[in-house]
Amino acid sequence: MTEQDHVTVNDPRGPVNNGEGHQYVFYGVGADWMIRKGVESLQITREDRVRLADRFVRPVGFRVAADRLAKPGSVVLLTAPPGSGRRAAAIMLLHGLGEEGGADEEGARFEELPATDKDETPLAPGEGDRFLLDLSGIADEEAYAKAQRLLAMRRSQVQKAEAHMVVVLPSGLEHTHAPDLEPHTVTLGRPRGVAVVTRYLRMDRMAFRSADLGSADLQRLCDRSPMRELARLAGLVRAARDSGRFGADFAGWLDQAIHAVTDRADEAGRQVAMVRSAPERALLLATAVFEEARADTVYEAWHGLMRTVRHAEEETTELARTDFGERLAALGIERGPDGRLRFGRLAYADAVRTYFWANFPGVRDDLRDWIGHATGLRGLTTDDRVNVIVRFGERSLAVGRPDHLFDLVVRWADRAAGASIDPRAVAALELGLSHERFGGWFRRRMYECARSGPLSDGLARVLTAACLQTLGASHPDQAMVRLHYLAVRKGMAAGEAREALLDLAGRDRRLYRLLIDRLRDRTRGQPHAAEPQLRLLTELLRSDRAPDPPPWPDLFLGWETVFFQPPTELWIPLVSSWLNAVAGDSTREMALDVMVGATHCRAAALHRLYAIACGWAGGSHHSSRAAVAALFWQHIDHAQYARTESTGAGPRTTEEAR
């Protein structure tokens, strides 16, 4: 298993009917702060698919696609204009199938597959499994030709397993579609924009009348904007209401939201053009990045930015300069009663940030370094830091610089003291992993870091946390691969990765089987190189690590590997754990027979098992232990007898072995 494993998708909390552009997806324990910060996401756990369904407006052609998908083994390919909500439609098709057939309750997989195949692990779909394959980001004919070859293989696998798959096809490459795709293709139309806005507003419990949505400006947006922008528009209406700064009626909130999506970019550009001095521009940008932080903290961040861009300090004393409040007022920045700074216009800070990152490319490296230091200012709350990281990350990814965000992950992680984890590094990495366009880039960087080269304990801990909190829910196979590489390193951080890996595998029988297979493969070869893998495998096979009920065929293969290799001292905790399990639960007696069978009747292995059982039973006066040991010895005797029958050797009992 290498870099690209297939993907389990979870939780959609962002815009539905989404079109082009980026998406942010956050999953797992502790990720709620991402949602609270308004970071767009499109995760696909059942809970949030239900939320997505509440806001989804069916496009023309949806019913046709749903009817085709209902048949077991079906594959439906969707073609639709960019911005029409084609990905959300694909998710809703698969979700509706689960609702009607009970697939969610039965535990069927709902996973997103990668567009490319750099994976040694086969797809291996099961009956009723549902898969999403989004090829909409492919832009060139060569890449699409490769994707179609992979699609043909996956179609065959899905059909044979009686699973279901929906594929989102790219736009502009229709002339390169393989002819055999045509019978499976459904064309979707664009949903009515006003219906999408209405659905969002209703779900946000907005009180309004249909006539309130009749303005010409709103109609133009509904007719032309991608579905993501319409979702953002509705979110801005809610933000205007919740802020309490833009009146108390729906018409005023809607007007502010419309201006925010149509006018803010031009307004920001005009202001920057009018503000010519470096200090004023730096203050404008610092406030846009640190909006809602306390004024004194923004002041520190502002001066830090000027030092980072190497702006010379003014020679006059501060008392002789324009005071801070006057500078703020001149830039349209308000200081609230709580002492926090904000712009007077809705969503203006976002427009300012977008303008600076788009139009000052030469200072992006400086902005990265500035954020690296400024997020550590003592006056910032946890929420303030999260806001800054999200804002910086959004802009860096929007201009195609994921390396800037990962640079900060490494920088913050490497500087963590002792056994601590810098939450800034985890937050930044989660943001990158969640990005629709660059999520794969961040997964590859994690893979490269985990697999080779020196790695600080701080960064190892951040990678482990991201695997456990994020990839473990969204891309469990990839999380397992990265945790495996981290777990076989040296040091305390490797032990933490090992615990995370064993915990992840123990949650899912499929992952448990995959990890056993992976470790078995890596124990073959040179004994010295294989020993860390063998130790990990032995720990994985203990009774307290196995799923319930125990997967006996998988355990047999694992035990077989352990019992055929030294060192035999690894056997003691493994065998003892299962003897304890049987003593506490008679339904696990199968373990005794399976362990003996895994030796393939090898005399040395059987004698070793017998000796371990003697030591285990002799250390206690409990009759249950003696009974379990006696039953285990019977299995060993039977195996020895079978061996002598097949070889013609004289019998040797366990009593003789003792």
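From a predicted model like this one, the values you see are computed outputs, not experimental measurements.

Asks: Describe the overall build of the protein chain, and please don't skip the residues or the numbers.
Replies: Secondary structure assignment for the protein chain yields 31 helices and 8 strands. Evaluated residue by residue, the protein chain yields a buried proportion of 55% over its 658 residues. Within the structure as shown, the protein chain displays about 28300 Å² of accessible surface, and the carbon and sulfur contribution to it stands at 51%.

Asks: Help me get a handle on the packing of helix 19 (residues 423–433) against helix 20 (residues 439–451), residues and values and all.
Replies: Following both chains from N to C, one finds helix 19 and helix 20 inclined at 125°, their axes separated by 7 Å at the closest point. Viewed along their axes, helix 19 and helix 20 adopt a mutual orientation that is oblique. Touching Leu 429, Gly 432 and Leu 433 of helix 19 are Gly 439, Phe 442, Arg 443 and Met 446, all from helix 20. Residue classes in the contact of helix 19 with helix 20 are distributed as 4 nonpolar, 2 polar and 1 charged.

Asks: For unusual backbone geometry, give the residues involved together with the corresponding values.
Replies: Cis geometry marks the peptide bond from Asp 548 to Pro 549; its omega dihedral reads 5°. Assignment of secondary structure puts Pro 549 in the loop between helix 25 (527–540) and helix 26 (552–563).

Asks: Kindly report on the environment of Ala 312, identifying the contributing residues and their values.
Replies: Mapping Ala 312 onto the fold places it in the loop between helix 13 (295–308) and helix 14 (324–330). Taking relative accessible area as the criterion, Ala 312 reaches 57% and is therefore assigned exposed. For Ala 312 and Pro 279, which are 33 residues apart along the polypeptide, the C-alpha to C-alpha distance reads 9.9 Å.

Asks: Give a description of the packing of aromatic side chains that names residues and reports values.
Replies: If you walk through the whole model with that rule in mind, you get 18 aromatic pairs. Taking the centre distance of 5.7 Å and the plane angle of 55° together, the rings of Trp 552 and Trp 578 count as tilted. Linking Trp 552 in helix 26 with Trp 578 in helix 27 (residues 571–584), this pair joins segments that are 26 residues apart in sequence. For Trp 552, a relative accessible area of 19% corresponds to the buried category. When its relative accessible area of 0% is taken as the criterion, Trp 578 is described as buried. Joined through ring pairs, the aromatic side chains of Tyr 299, Trp 302 and Phe 324 make up one cluster.

Asks: Summarise helix 28 (residues 590–598); cite the residues concerned and give the values.
Replies: Residue pairs spaced three or four apart in an α-helix point in one direction, given the helix's 3.6 residues per turn. Of the residues making up helix 28, those classed as buried are Ala 591, Leu 592, Val 594, Met 595, Val 596 and Ala 598. His 600 occupies a position one or two residues after helix 28 and carries a positive phi of about 55°.

Asks: Outline the side chain of Gln 271, supporting the account with residue identities and numerical values.
Replies: By secondary structure assignment, the location of Gln 271 is in helix 11 (residues 264–274). The buried category is assigned to Gln 271, whose relative accessible area is 12%. Within the structure, the side chain of Gln 271 is placed 2.4 Å from the side chain of Tyr 348, a separation counted as a polar contact. In contact with Gln 271, other than residues within four places in its own chain, are Leu 284, Leu 331, Arg 345 and Tyr 348.

Asks: Describe in detail the packing of helix 23 (residues 492–506) against helix 24 (residues 509–522), supporting the description with residues and values.
Replies: Axis separation between helix 23 and helix 24 bottoms out at 6 Å; the angle between their running directions is 130°. Looking at the two axes, helix 23 sits oblique to helix 24. Counted together, Leu 501, Leu 504 and Ala 505 of helix 23 and Leu 511, Tyr 512 and Leu 515 of helix 24 form the full contact between these two elements.

Asks: Go over the pattern of salt bridges with me, naming the residues and quoting the values.
Replies: Here the structure, examined in full by the defined rule, presents 37 salt bridges. For Arg 209, the salt bridge goes to Asp 212, with nearest N and O atoms at 3.3 Å. Using a relative accessible area of 25% as the deciding quantity, one classes Asp 212 as partly exposed. Ionic pairing is found between Glu 229 and Arg 232, a salt bridge with its closest N-O pair at 3.8 Å. Taken as a pair, Glu 229 and Arg 232 lie in helix 9 (residues 227–243) at a separation of 3 residues, close to a single helical turn. Taken together, the shared-partner salt bridges in this structure form one network comprising Glu 229, Arg 232, Asp 350 and Arg 353.

Asks: Any chance you could break down the pairing of strand 3 (residues 110–113) for me, citing the residues and the numbers?
Replies: Side chains on a regular strand alternate between the two faces of the sheet. The alternating pattern of strand 3 places Phe 110 and Glu 112 and Glu 111 and Leu 113 on opposite faces, both of which are buried. Across 4 bridges, strand 3 lies against strand 4 (residues 130–134) in parallel orientation. Paired with Phe 110 across the strands is Arg 130, a residue of strand 4.

Asks: Tell me what's going on with the pairing of strand 5 (residues 164–168), and back it up with residues and numbers.
Replies: Burial runs high along strand 5: 5 of the 5 residues are buried. Of the two faces of strand 5, the one holding His 164, Val 166 and Val 168 and the one holding Met 165 and Val 167 are both buried throughout. Relative to strand 5, strand 4 runs parallel, the two sharing 5 bridges. Paired with Phe 131 across the bridge in strand 5 is Met 165. Handedness of the crossover joining strand 4 and strand 5 through helix 6 (residues 141–161) is recorded here as right-handed.

Asks: If you had to explain the environment of Phe 360 to someone new, which residues and values would you point to?
Replies: On the secondary structure map, Phe 360 appears in the loop between helix 15 (348–359) and helix 16 (364–374). Since its relative accessible area comes to 26%, Phe 360 is described here as partly exposed. With near-sequence residues (within four places) excluded, Phe 360 lies in contact with Val 272, Arg 281 and Tyr 355.

Asks: Go over helix 11 with me, naming the residues and quoting the values.
Replies: Residues of helix 11 that are buried: Arg 264, Glu 267, Ala 268, Gly 269, Gln 271 and Val 272. Where helix 11 is buried, its residues contact helix 10 (250–262), helix 12 (278–289) and helix 15.

Asks: Please set out the nonpolar core residue by residue, giving values where relevant.
Replies: With 127 residues, the main nonpolar core has Phe 290, Trp 370, Leu 429, Trp 559, Phe 563, Trp 578 and Phe 632 as its most contacted residues. When neighbours within four sequence positions are excluded, Leu 429 is seen to be in contact with Phe 406, Val 409, Phe 442, Met 446, Val 462, Leu 463 and Ala 466. One finds Val 194, Leu 221, Val 237 and Phe 246 within the second-largest nonpolar core, a separate group that totals 28 residues.

Asks: Go over the confidence of the model for the protein chain with me, naming the residues and quoting the values.
Replies: The predicted coordinates ought not to be read in detail in places where the model reports low pLDDT. Looking at the protein chain, pLDDT values average 86 and 86% of them are 70 or higher. The model gives residues 1–31 a pLDDT under 50, and that stretch makes 184 contacts with residues more than four places away or in other chains. Segment residues 649–658: pLDDT under 50, and 18 contacts once partners within four positions in sequence are set aside and those in other chains are kept.

Asks: Tell me what's going on with the environment of Asp 223, and back it up with residues and numbers.
Replies: You can see Asp 223 is positioned in helix 8 (residues 216–224). Owing to a relative accessible area of 49%, Asp 223 belongs among the partly exposed residues under this scheme. Sequence separation between Asp 223 and Val 194 is 29 residues; the distance between their C-alpha atoms is 8.1 Å.

Asks: Residues and numbers for the side chain of Arg 424, please.
Replies: Take Arg 424: it is sitting in helix 19. Within the structure, Arg 424 has its side chain in polar contact with the side chain of Asp 422 (distance 2.9 Å). The residues contacting Arg 424, other than those within four sequence positions of it, are Gly 372, Thr 375, Gly 376, Arg 385, Ile 389 and Trp 412.

About the thresholds
- All residue numbers refer to position in the chain's written sequence, counted from 1.
- Local features in a predicted model are, by the rule used here, given only for residues with pLDDT of at least 70; side-chain atom pairs are given and counted only at 80 or more, and totals for whole chains, interfaces and linings are based on all residues.
- Side-chain numbers here rest on the full set of heavy atoms in the structure, without hydrogens or water.
- Segments assigned H or I by DSSP are reported as helices when at least four residues long, segments assigned E as strands when at least two residues long, and all are numbered from the N terminus.
- Partly exposed residues are those whose accessible area sits between 20% and 50% of the maximum for their type, while under 20% is buried and over 50% is exposed, using a 1.4 Å probe and protein chains only.
- Accessibility throughout is a Shrake-Rupley quantity obtained with a 1.4 Å probe, and a residue counts as covered only by protein chains that appear here.
- Axis lines are fitted through C-alpha atoms, for helices just across the contact stretch, and the angle between N-to-C directions can take any value from 0 to 180 degrees.
- Roughly parallel means an angle under 35 degrees; roughly antiparallel, over 145; roughly perpendicular, 65 to 115; everything else is oblique.
- Note on contacts: a residue pair qualifies if any of its non-hydrogen atoms lie within 4.5 Å across the two residues.
- Asp, Glu, Lys and Arg are counted as charged, while Ala, Val, Leu, Ile, Met, Phe, Trp, Tyr, Cys and Pro are counted as nonpolar; the rest, among them Gly, fall into the polar class.
- Two rings from Phe, Tyr or Trp (for Trp, the six-membered ring) form a pair when their centres are within 6.5 Å of each other. A pair whose planes differ by under 30 degrees is stacked, one over 60 is edge-to-face, and the rest are tilted.
- Here a polar contact means two N or O atoms within 3.5 Å. Within protein one must be a hydrogen donor candidate and the other an acceptor candidate, and residues neighboring in sequence count only if both atoms are side-chain atoms.
- By definition, a salt bridge exists where a carboxyl oxygen of Asp or Glu is found within 4 Å of a side-chain nitrogen of Lys or Arg.
- DSSP calls a pair of strands paired once it identifies at least 2 bridges connecting them.
- Handedness of a crossover is defined as follows: orient the strands so they point away from the viewer, and if the path from the first strand over the helix to the second runs clockwise, the crossover is right-handed.
- Throughout, nonpolar core names a set of buried Ala, Val, Leu, Ile, Met, Phe, Trp, Tyr and Cys residues whose side chains join them through atoms within 4.5 Å.
- The predictor reports its confidence for every residue as pLDDT, a score running from 0 up to 100.

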